[in-house]
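Remarks on the overall topology
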Amino acid sequence: MAEIVLDKVSKRYPDGAVAVRDVDVEIADGEFVILVGPSGCGKSTTLNMIAGLEDITSGELRIGGQRMNERAPKDRDIAMVFQSYALYPHMTVRENMAFPLRLAKVDKETVRRKVEEAARVLDLTQHLDRRPANLSGGQRQRVAMGRAIVRNPKAFLMDEPLSNLDAKLRVQMRTEVSRLQKKLGTTTVYVTHDQTEAMTLGDRVVVMRAGVVQQVGSPQFLYDHPANLFVAGFIGSPSMNFVPAGVEEGVLRGPLGDIPLTDRVRRLLTEAKAPREVIMGVRPEHFEDAALVEEHARAAGVVHRAQVDVLESMGSDKYAYFSLGGERARSAELEELAADVGIADLSSSGAGSLVTRLSAASGAREGEPVEVWFDPDKVQLFDPSSGRNLTYSGD
Amino acid sequence: MVLEVPDRRMSPEARRRAKWWFVNAVVVVYALLPVLWIVSLSFKTKETITDGRLLPREWTLENYRAIFGTSDFVRALVNSVGIALISTTIAVVLGTMAAYAIARLDFPGKRALVGVSLLIAMFPQVSLVSPLFEMERGLGLFDTWPGLILPYITFALPLAIYTLSAFFREIPWELEKAAKMDGATPAQAFLKVIAPLAAPGVFTTAILVFIFCWNDFLFALSLTSTERSRTVPAAMSFFSGSSQFEDPTGTTCAAAVVISVPIIVFVLFFQRRIVAGLTSGAVKG
Ligand SMILES: Nc1ncnc2c1ncn2[C@@H]1O[C@H](COP(=O)(O)OP(=O)(O)OP(=O)(O)O)[C@@H](O)[C@H]1O
Ligand SMILES: [Mg+2]
């Protein structure tokens with residue numbers, strides 16, 4: 001058990017590529033922290049630096065208050081679960097799980113007891129004498145977890161441990177991992193590029209982009225108060241809608257019509273010295289079919305009337321897609337997000353598009369106009385040049 | 001060997017198999033016939049040796065008795081086994097270390113090292129015989145075990161390095177990281193995780209190197225002068241019949257059969273350890 005502190009940690013690879021830049025994160029004892037971000041943003045590099053598998057170029061890593069930069073991996077007392085599981089193919093499941101204990105010179109009886117206990121927790125008891133080659137993907141994944149938990153390390157590091165599993169097994173193992181971590185109470189750093197895993201698993205989420213930490217916070221906080229366009233687009237599924245808008249005398253003018261600015265938003269905009277042209281972000285789930293909204297709430301909100309392009313019924317909800325007139329919101333961060341997450345799927349034409357999530361009771365139909373309603377207070381405004389959230393009221 | 005006769009009613013699958021049987025049979029006969037011939041000659045008596053029959057009319061162990069009766073041959077056998085085993089061990093150990101470095105590490109001069117070892121492998125050995133002869137005489141290595149072991153290692157090392165680095169490249173090196181995370185020192189990670197996985201490659205290389213050393217004739221002939229270090233291939237060329245006019249065919253063939261046995265034993269022994277697909281199951285689902 002220990003807290004992990006990354007103090008201005010940077011990594012420059014020998015070929016000159018800076019993979020991680022000035023990462024400052026403090027992970028409390030027993031906390032479950034997720035590192036999330038698109039491919040190549042430096043998640044694995046950060047994790048490997050904590051593990052000791054990569055040297056730290058500058059900055060300091062402390063585990064349990066002690067400087068770790070120069071310590072070999074084996075002296076850091078942390079366990080790691082690899083994306084590829086990295087099971088020893090010439091050993092049985094039992095031998096795989098016993099390996100860390102045998103290296104630690106634990107006596108035979110204790111090894112047997114601990115391995116069997118871990119096997120019971122992970123439901124591997126009947127597979128103990130099989131070899132990894134004969135196990136299914138999910139079983140291998142559990143063996144990899146078992147090897148990590150047997151010796152009660154100070155911390156667990158997991159690098160996309162579920163990404164080789166099929167969708168159903170992934171959801172199942174996700175709950176498993178979460179349950180296990182709660183039960184053991186061991187500090188855990190978990191890398192993923194899947195925002196659902198990030199939202200559901202962690203106590204706190206660290207969003208990274210191009211080696212730089214964008215924001216650190218609880219999943220709910222990141223969802224409600226993204227610090228910039230990148231985080232706003234990355235967290236939440238489907239992604240937030242982004243449309244260009246202009247700020248003029250207390251109203252926001254854009255393809256969704258004129259939106260009155262609330263006092264709170266107006267105050268924040270003045271504080272932030274907002275430019276006249278901004279990017280407006282509204283989450284799909286903050287829309288509702290106007291016909292289903294109560295009269296006085298409806299009057300307080302904004303109603304937009306448009307023709308439904310595509311309607312997807314999920315049973316529990318309906319997703320209605322609209323195309324908006326005018327240009328699509330443009331920003332370097334959005335381009336990167338679009339490339340990575342594919343949020344620009346529907347709007348490849350260059351015109352803006354809008355995704356809304358409506359109640360299942362909605363009468364919206366494909367090809368027919370419908371009125372959608374949203375609460376203007378839920379709107380987030382971003383600076384198109386820096387990507388900064390102008391309505392950010394965090395802390 | 002069973003040769004299926006092609007039949008008009010055979011399915012395409014069966015016909016394809018029959019074709020392969022036929023091709024295999026041709027290859028096997030082509031390769032084995034000379035060997036069978038040597039075996040046959042080694043069991044023939046002096047009188048029937050030129051009768052041209054594959055199956056000896058009269059079987060005799062006379063030739064074997066003759067070669068084991070001379071201390072020369074037994075001594076040469078000991079030399080062969082000793083020299084080949086020592087050379088193989090040293091070449092494989094050094095080759096393993098070099099191949100590990102080549103497969104795993106980036107160090108300055110890596111390309112040069114690989115290039116130089118390739119150069120050695122390509123160097124015509126014949127051109128080295130006279131200089132080696134002079135050098136070994138000067139150093140007092142001529143006609144000693146080390147006098148043969150040293151050049152064998154020199155020429156076996158490139159072979160070992162190449163074979164081993166091909167094997168090492170296939171090992172999932174993430175396992176080494178996993179071992180380090182599990183608390184292993186670099187030495188333990190190598191011994192307990194990497195070495196067992198590399199073993200098939202090491203054994204394969206050992207077989208190849210052993211055969212190379214065992215079969216060498218050129219150095220064995222030119223860098224030795226007495227039974228002190230002469231190996232079997234060289235000793236065989238000194239066989240003579242009981243009289244000047246007698247051809248030592250029978251004894252030579254018997255010796256050839258005898259020196260093939262260790263190779264066969266060696267290969268059969270190590271073949272069991274060459275378990276294909278040992279690394280499967282290490283990674284992915
Ligand atoms: N050994 C290396 N040498 C040079 N550059 C590297 C090396 N390993 C990674 N990089 C670079 O560092 C950056 C971060 O890589 P990293 O593996 O940490 O990404 P990641 O966030 O884990 O991505 P993914 O989700 O694809 O696993 C990438 O741009 C990558 O090209
Ligand atoms: Mg990675």
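Just so it is clear, the model here is predicted, and its values are computed rather than measured.

Cut-offs and rules
Residues numbered from 1 in each chain as written. Chains lettered and ligands numbered in written order. Predicted model: local features only at pLDDT ≥ 70, side-chain atom pairs only at ≥ 80, totals over all residues. Heavy atoms only, no water. Helix = DSSP H or I, 4+ residues; strand = E, 2+ residues; numbered from the N terminus. Contact = heavy atoms within 4.5 Å. Areas by Shrake-Rupley, 256 points an atom, 1.4 Å probe, with all protein chains shown as cover. Lys, Arg positive; Asp, Glu negative; His and termini not counted. Charge placed at Lys NZ, Arg CZ, Asp CG, Glu CD. Domains from an automatic or database assignment. Buried area = accessible area lost by both parts, 1.4 Å probe. Polar contact = N/O pair within 3.5 Å; in protein donor to acceptor, adjacent residues only side chain to side chain. Salt bridge = Lys/Arg side-chain N within 4 Å of Asp/Glu carboxyl O. Nonpolar A, V, L, I, M, F, W, Y, C, P; charged D, E, K, R; others polar.

Within chain A, the secondary structure is distributed over 11 helices and 21 strands. In chain A, the share of contacts with a sequence separation of at least 24, taken over all contacts with a separation of at least 6, comes to 72%. Here chain A displays about 17000 Å² of accessible surface, and carbon together with sulfur accounts for 47% of that area. Across chain A, 49 positive and 56 negative side-chain charges occur, with their mean positions spaced 8 Å apart.

So, on to the domain arrangement of chain A. Residue and element names in this part refer to chain A. Segmentation of chain A into domains returns domain 1 (4–224) and domain 2 (239–382). Spacing between the C-alpha centres of domain 1 and domain 2 amounts to 38 Å. Of the residues lining the interface, 6 residues belong to domain 1; the matching set on domain 2 comes to 7 residues. Carbon and sulfur atoms supply 32% of the area that domain 1 and domain 2 bury against each other, a total of about 570 Å² over both sides. Summed over the three residues of domain 1 that lose the most area to domain 2, namely Pro38, Arg209 and Tyr223, the buried surface amounts to 81% of that side. Summed over the shared surface of domain 1 and domain 2, the number is 3 residue pairs in polar contact (both at pLDDT 80 or more). Sort the elements by how many residues they give to the side of domain 1 that touches domain 2 and helix H7 (residues 219–224) lands first, with 3 residues.

Quick look at the interface of chain B and chain A now. Many descriptions give the size of an interface as the accessible area lost when the pieces come together. Listed by partner, the interface residues are 24 residues for chain B and 26 residues for chain A. Summing both partners gives a buried area of about 2300 Å² for chain B against chain A, and 64% of it is carried by carbon and sulfur. Close ionic contact of Arg147 of chain A with Asp182 of chain B constitutes a salt bridge, the shortest N to O distance being 3.4 Å. Linking chain B with chain A are 7 residue pairs in polar contact (both at pLDDT 80 or more). Put simply, the parts of the chain that give the side of chain B that touches chain A at least two residues each are helix H7 (174–181) and helix H8 (186–215) of chain B. Looking at which element gives the most residues to the side of chain B that touches chain A, the answer is H7 of chain B, with 7 residues. Looking at side-chain class alone, the side of chain B that touches chain A contains 11 nonpolar, 7 polar and 6 charged residues.

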